[in-house]
Amino acid sequence: MKKILIAATFAASASLSSQAINAAEYTVDPTHSFITFRVQHLGVSWLQGRFNDVTGSFSYDADNSSDSRVEMTVNTATIDSNHAERDKHLRSDDFLDTDKFPSATFKSSSFDGKTLKGELTLHGVTAPISIDVTKVGEGKDPWGGYRAGFVGTHNLKRSDFGISYNLGPAAEVVEMQFNIEGIRNK
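Residues numbered from 1 in each chain as written. Predicted model: local features only at pLDDT ≥ 70, side-chain atom pairs only at ≥ 80, totals over all residues. Heavy atoms only, no water.

*Asks:* Got a minute to help me understand the overall build of the chain in this structure?
*Replies:* Counting its regular elements, the chain contains two helices and 11 strands. Starting at the N terminus and walking to the C terminus, you meet the elements of the chain as α-β-β-β-β-β-β-α-β-β-β-β-β. The buried share among the 186 residues of the chain stands at 35%. In the chain, of all internal contacts separated by at least 6 residues, the share reaching a separation of at least 24 is 56%. (Helix = DSSP H or I, 4+ residues; strand = E, 2+ residues; numbered from the N terminus. Buried < 20%, exposed > 50% of the residue type's maximum accessible area, 1.4 Å probe, protein only. Contact = heavy atoms within 4.5 Å.)

*Asks:* Explanation requested: the packing of aromatic side chains in the structure shown.
*Replies:* For any pair of aromatic rings, the description rests on two quantities: the centre-to-centre distance and the angle between the ring planes. Summed over all chains, the structure comprises five aromatic pairs. Here the aromatic rings of Phe58 and Phe150 are separated by 5.7 Å at their centres, their planes lie at 90°, and the arrangement is edge-to-face. Residue Phe58 is located in strand S4 (residues 54-60), and its partner Phe150 is located in strand S10 (residues 146-157); the two are separated by 92 residues in the primary sequence. As far as burial versus exposure is concerned, Phe58 and Phe150 are alike and both buried. When the ring centre of Trp46 is taken as origin, the NZ or CZ atom of Arg38, which lies over that ring, is 3.7 Å away. It is Arg184 that lies over the ring of Tyr146; its NZ or CZ is 4.1 Å from the centre. (Phe/Tyr/Trp six-rings, centres within 6.5 Å; stacked < 30°, edge-to-face > 60°. Lys NZ or Arg CZ within 6 Å of the ring centre and 35° of its normal.)

*Asks:* I tried to follow the pattern of salt bridges on my own but got confused; where do I start?
*Replies:* Once the charged atoms of two side chains with opposite charge are near each other, the side chains can pair. Applying the stated criterion across every chain, the model contains six salt bridges. Residue Lys135 is joined to Glu138 by a salt bridge in which the shortest nitrogen-to-oxygen separation is 2.3 Å. Residue Arg147 pairs with Asp141 through a salt bridge whose shortest N-O separation is 2.8 Å. For Arg147, a relative accessible area of 15% gives the class buried. What makes Asp141 buried here is its relative accessible area of 12%. Overlapping salt bridges, with partners in common, bring together Asp29, Asp141, Arg147 and Glu181 in one network. (Salt bridge = Lys/Arg side-chain N within 4 Å of Asp/Glu carboxyl O.)

*Asks:* Is there a simple way to explain the nonpolar core in this structure?
*Replies:* A general feature of soluble globular proteins is that nonpolar side chains tend to end up buried together. With 39 residues, the main nonpolar core has Phe51, Phe58, Leu122 and Met176 as its most contacted residues. Non-local contacts of Met176, meaning those with residues more than four positions away in its chain, are made with Ile35, Thr36, Phe37, Phe51, Gly152, Thr153, His154 and Leu156. (Core = buried A, V, L, I, M, F, W, Y, C linked by side-chain atoms within 4.5 Å.)

*Asks:* So what exactly am I meant to see when it comes to the pairing of S4 here?
*Replies:* Consecutive side chains of a regular strand alternate in pointing toward one face of the sheet and then the other. Pairing of strand S1 (residues 24-28) with S4 involves four bridges; the strand directions are antiparallel. Each residue of the ladder has a partner; that of Ala24, found in S4, is Tyr60. (Pairing = 2+ DSSP bridges.)

*Asks:* What should I look at first to understand the pairing of strand S11 (residues 173-184) in this one?
*Replies:* Bridge count between S1 and S11: three bridges; the pairing is antiparallel. The partner of Thr27 across the bridge, within S11, is Ile183. Bridging between strand S2 (residues 34-41) and S11 involves five bridges; their strand directions are antiparallel. Across the sheet, residue Ile35 finds its bridge partner in S11, namely Phe178. Pairing between S10 and S11: 11 bridges, direction antiparallel. For Asn155, the partnering residue across the bridge sits in S11 and is Glu175.

Here is the structure:
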């Protein structure tokens, strides 16, 4: 009986190990990855912007999405709303406080093929978020590599991360979009 239990445990471990091996590892291509945002301005229009420095990695298994994982880092000082004075204000302690919190990070905890869950650390606060994800595509590139791309969306409530500067109720939620392209590691 003991030998059967040991054999079953070994077989289960080998099965789990082979599943993890099927997940391909990717490095985020910072020149083809964008984290953008939009927030209502005074309830009459939209302010849009992006972060210009995004790094990270992910693993992806098309046959078993639960083996997938993501880790991303954003340099918050690279916020770009196409207006230098506004960007200076967004970097201040009224908003991102980039001197004190120079980066935002995300580490996934699960992926079911459509929803990526994990922990976002922003402005010194770590909280769980869910990102709706769609695979854009994958395939060989002209330089002999292999790429995969995804787009994700999340509505971020500023006050959940201690950013409470009063811009009116219309600006409490920031619509985030994550366009991530990775190059498969060889």
